[in-house]
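A look at the structure
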Amino acid sequence: MWASFLTLIAAGMGFAVRGGILKDWSDQFGFTQFELGTITGGGLLGFGIIILLASLITDRVGYKKLLITSFVLQLISAAITLSATPVFNALGKAATYQCLFWGMFIFAVANGLCEAVINPLIANIYPEKKTHYLNILHAGWPGGLIIGGLLGAMLVGNIRWEVPLALYLVPAVCYGFITLKEKFPDSDAKKAGLGLAEMLAQFASPLLLFLLLLHACVGYVELGTDSWITNITNSMLEGQGFYLFIYASSIMFILRFFAGPIVERINPLGLLCLSTILGTCGLNMLGSVKSVLMIWAAVTMYGLGKTLLWPTMLGIVGERFPRGGAITMGAIGGVGML
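Residues numbered from 1 in each chain as written. Predicted model: local features only at pLDDT ≥ 70, side-chain atom pairs only at ≥ 80, totals over all residues. Heavy atoms only, no water.

Take the nonpolar core next. Membership of the largest hydrophobic core comes to 48 residues, with the highest contact counts inside it found for Trp25, Phe31, Leu100 and Trp161. With 33 residues, the next largest nonpolar core counts Phe47, Ile51, Ile118 and Phe321 among its residues. (Core = buried A, V, L, I, M, F, W, Y, C linked by side-chain atoms within 4.5 Å. Buried < 20%, exposed > 50% of the residue type's maximum accessible area, 1.4 Å probe, protein only.)

Listed below in structure tokens is the structure:
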């Protein structure tokens, strides 16, 4: 559980700090907003593709080997991304763009491998309370966003961008150590003797296909918006973008620990419905309000709305399609990233 939690801390830190240093990249290397968008978008693209592909082999290869591979890739990503300045000095802007794009892409690949492992792993370890513990697990993501946001607020603009970006390696090294040391269980699919064909047959269900479509929308709302949320809110309240980002992430971090009692009282589908209403209202408010108080209220509503969508969707798929193994869980995560 701790190793899985720390993978999301590392991913969230890298995501948040990257959002905060986009201006530094623009100023130092001369990138346009479009070029910066394709760099960040390439990261999410790699994340989504790898979840889909890795989920096909997770049950066969095993959790441990994939997590070790992820750790190695995060080290490689850091080396490539942090070489951007010397590459710019030697080869210019075009080479630097490639350096940052592929550095972010490899970081996303590493995170995709983690995501393909940790969701079925936690569902395996806590079979009776999948939705509850998947929500706790995914508190690691906003936890990483908070840490990364705080690092950004304190360090970005006051120190070279390489320093705050490299700090995601701290939780990465911690989960790498735990992974090397611990023994991991066999997957549910492997224990049940499920074959690839039987797991793929789950996709004949119209309900699963509909959930995949819905989760693509969830990813667009949560990750697409969060990629730019600091820039968006900073344009509305100059100098407060980071703080609004940290505030929204704090709402998500705290609430995900209490998802179990909420799910028991409402049920997962009711929780999804309530979350979509709140998230929609929050985003619409962000597009129209002007006063400081109303902006904070809109961010609050948006934070409450997006908090439980992603892990609750994973829990529903895990509970309703247990014979899909890592493949159905990976498909949900993959379409969300794509």
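Still more ground to cover, so stick around.
On to the pattern of salt bridges, then. All told, the structure shown has five salt bridges when counted by the stated rule. Notably, a salt bridge pairs Lys93 with Glu35, separated by 3.3 Å at the nearest N-O pair. Taken together, the residues span a long stretch of sequence, with Lys93 in helix α7 (residues 93–125) and Glu35 in helix α3 (residues 33–55) at a distance of 58 residues. Among the residues examined, Lys93 registers a relative accessible area of 31% and is labelled partly exposed. The partner of Arg160 in a salt bridge is Glu162, with the nearest N and O atoms 2.9 Å apart. (Salt bridge = Lys/Arg side-chain N within 4 Å of Asp/Glu carboxyl O. Helix = DSSP H or I, 4+ residues; strand = E, 2+ residues; numbered from the N terminus.)

On the surface, Ile49, Leu53, Leu56, Ile57, Val61, Leu196, Leu200 and Leu338 cluster together to form a nonpolar patch covering roughly 650 Å² of accessible area. At the level of elements, α3 and α13 (196–200) are the ones that each hand at least two residues to the nonpolar patch. Looking at the element boundaries, Leu53 is found in helix α3. Classification of Leu53 by relative accessible area gives exposed; the value is 51%. (Patch = residues over 30% accessible without salt bridge, like charges linked within 9 Å, V, L, I, M, F, W, Y side chains within 5 Å. Areas by Shrake-Rupley, 256 points an atom, 1.4 Å probe, with all protein chains shown as cover.)

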